[in-house]
Amino acid sequence: QVQLVESGGGLVRAGDSLRLSCAASGRTFIPHGIGWFRQAPGKEREFVAAISWSGGSTWYADSVKGRFTISRDNGRNTVALQMNSLKPEDTAVYYCAAGKSMGWRPLTPGSYDNWGQGTQVTVSS
């Protein structure tokens, strides 16, 4: 359906910051929740953060609380993930995904229909 594209990844040092962006391509954008997930080498995909369509509700994994902030601009169909105080364990490919129209469960990968290709985040010591 809608193609999502992540950007903003890169190689940084521990303690640095990055701002990831998730943008929808094409004519439409699903007017529902957006989630960020990540997958490190040799590990399973894990939930990072999510935000409702209205922007009024957010969810965060315990590992990123206080360091990451998710936000969205519905008018521009973009969602950002501000990542501060990065740690080596944050190294992973980060994916954004659009939630299903009904029965959306923010922390559940199966509740998302469309996924981006991912952007690499590498944090060195």
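Here, the structure is the one placed above.
Since the structure is predicted, the reported quantities are computational estimates derived from the model, not experimental observations.

> Just checking my understanding: could you explain the overall build of the protein for this structure?
Helices and strands together make up the secondary structure of the protein, namely zero helices and eleven strands. In the protein, the succession of helices and strands from N to C terminus is β-β-β-β-β-β-β-β-β-β-β. Based on the C-alpha atoms only, the size of the protein along its principal axes is roughly 40 × 25 × 25 Å. Looking at the 125 residues of the protein, the share that counts as buried comes to 41%. Counted over contacts in the protein with a minimum sequence separation of 6, partners at least 24 positions apart contribute 56%. For the protein, the centre of its 13 positive side-chain charges and the centre of its 9 negative side-chain charges are spaced 4 Å apart.

> What exactly am I supposed to notice about the pattern of salt bridges here?
This model, assessed by the stated rule, comprises four salt bridges. A salt bridge links Arg-38 to Glu-46; its shortest N-O distance comes to 2.7 Å. A residue is classified by how much of its surface remains accessible, and Arg-38, at 5% relative accessible area, is buried. What makes Glu-46 partly exposed here is its relative accessible area of 35%. For the salt bridge of Arg-38 with Asp-90, the shortest nitrogen-to-oxygen distance reads 3.0 Å. On the criterion of sequence distance, the pair formed by Arg-38 in strand β4 (residues 34-39) and Asp-90 in the loop between β8 (78-83) and β9 (92-99) is long-range, its members being 52 residues apart. Among the charged side chains, a network of salt bridges with common partners joins Arg-38, Glu-46, Arg-67 and Asp-90.

> Looking at this structure, I do not really get the nonpolar core. What am I missing?
The biggest cluster of nonpolar side chains holds 31 residues, and the ones touching the most others in it are Trp-36, Val-48, Phe-68, Leu-81, Met-83 and Tyr-94. Excluding residues that lie within four positions of it along the chain, Tyr-94 makes contacts with Glu-6, Leu-20, Trp-36, Phe-37, Arg-38, Val-48, Phe-68, Leu-81, Met-83, Gly-118, Thr-119 and Val-121.

> Before we go on, may I ask you to explain the packing of aromatic side chains in this structure?
Two aromatic rings, taken as a pair, are described by how far apart their centres are and by the angle between their planes. Evaluated as defined, the whole model comprises six aromatic pairs. Ring geometry for Phe-37 versus Trp-115: centroids 5.1 Å apart, planes at 55°, classification tilted. Of this pair, Phe-37 sits in strand β4 while Trp-115 sits in strand β10 (residues 112-115), and the two are 78 residues apart along the sequence. Put simply, the rings of Phe-37, Phe-47, Trp-59, Trp-104, Tyr-112 and Trp-115 pair up and form one aromatic cluster. Here the basic side chain of Arg-45 rests over the ring of Trp-115, its NZ or CZ set 4.4 Å away from the ring centre.

> Sorry, what's going on with the sheet that holds strand β3 (residues 18-25) here?
Strand pairing in a sheet takes place through backbone hydrogen bonds and is either antiparallel or parallel in direction. What the four strands build is an open sheet, ordered β1-β3-β8-β7; its pairing is antiparallel. One side of each edge strand has no neighbouring strand; the edge strands of this open sheet are β1 (3-7) and β7 (68-73). Sheet twist, expressed as the mean angle between neighbouring strand axes with direction ignored, is 15°. As judged from the six bridges shared by β7 and β8, these two strands associate in the antiparallel manner. Bridging from a neighbouring strand, Ile-70 pairs with Leu-81 of β8.

What counts, and where the lines are drawn
Just so you know, the residues in each chain are numbered from 1, in the order the chain's sequence is written. Residues qualify for local features only when their pLDDT is at least 70, as the model is predicted, and side-chain atom pairs are given and counted only at 80 or more; totals for whole chains, interfaces and linings, by contrast, use all residues. Side-chain numbers come from the whole structure's heavy atoms, not from hydrogens or water. We count a stretch as a helix when DSSP gives it H or I for four or more residues in a row; a strand needs E for two or more, and each element gets its number in order from the N terminus. When accessible area is computed with a 1.4 Å probe and restricted to protein chains, residues below 20% of their type maximum are described as buried, those above 50% as exposed, and intermediate ones as partly exposed. Any two residues having at least one pair of non-hydrogen atoms within 4.5 Å are treated as being in contact. Positive charges come from Lys and Arg alone, negative charges from Asp and Glu alone, with His and the N- and C-terminal ends not counted. We put the charge of a Lys on NZ, of an Arg on CZ, of an Asp on CG and of a Glu on CD. Salt bridge, as applied in this entry: a Lys or Arg side-chain nitrogen positioned within 4 Å of an Asp or Glu carboxyl oxygen. Note on terminology: a nonpolar core comprises buried Ala, Val, Leu, Ile, Met, Phe, Trp, Tyr and Cys residues joined through side-chain atoms within 4.5 Å. Centres within 6.5 Å are what make two rings of Phe, Tyr or Trp a pair, Trp counting through its six-membered ring; a difference in plane orientation under 30 degrees is then read as stacked, over 60 as edge-to-face, and the rest as tilted. By the criterion adopted, a ring carries a charge over it if an Arg CZ or a Lys NZ lies within 6 Å of its centre and within 35 degrees of its normal. Strands pair, by our definition, only if DSSP identifies at least two bridges between them. Angles run from 0 to 180 degrees between N-to-C directions of axes, and those axes are lines fitted to C-alpha atoms, restricted for helices to the stretch in contact.

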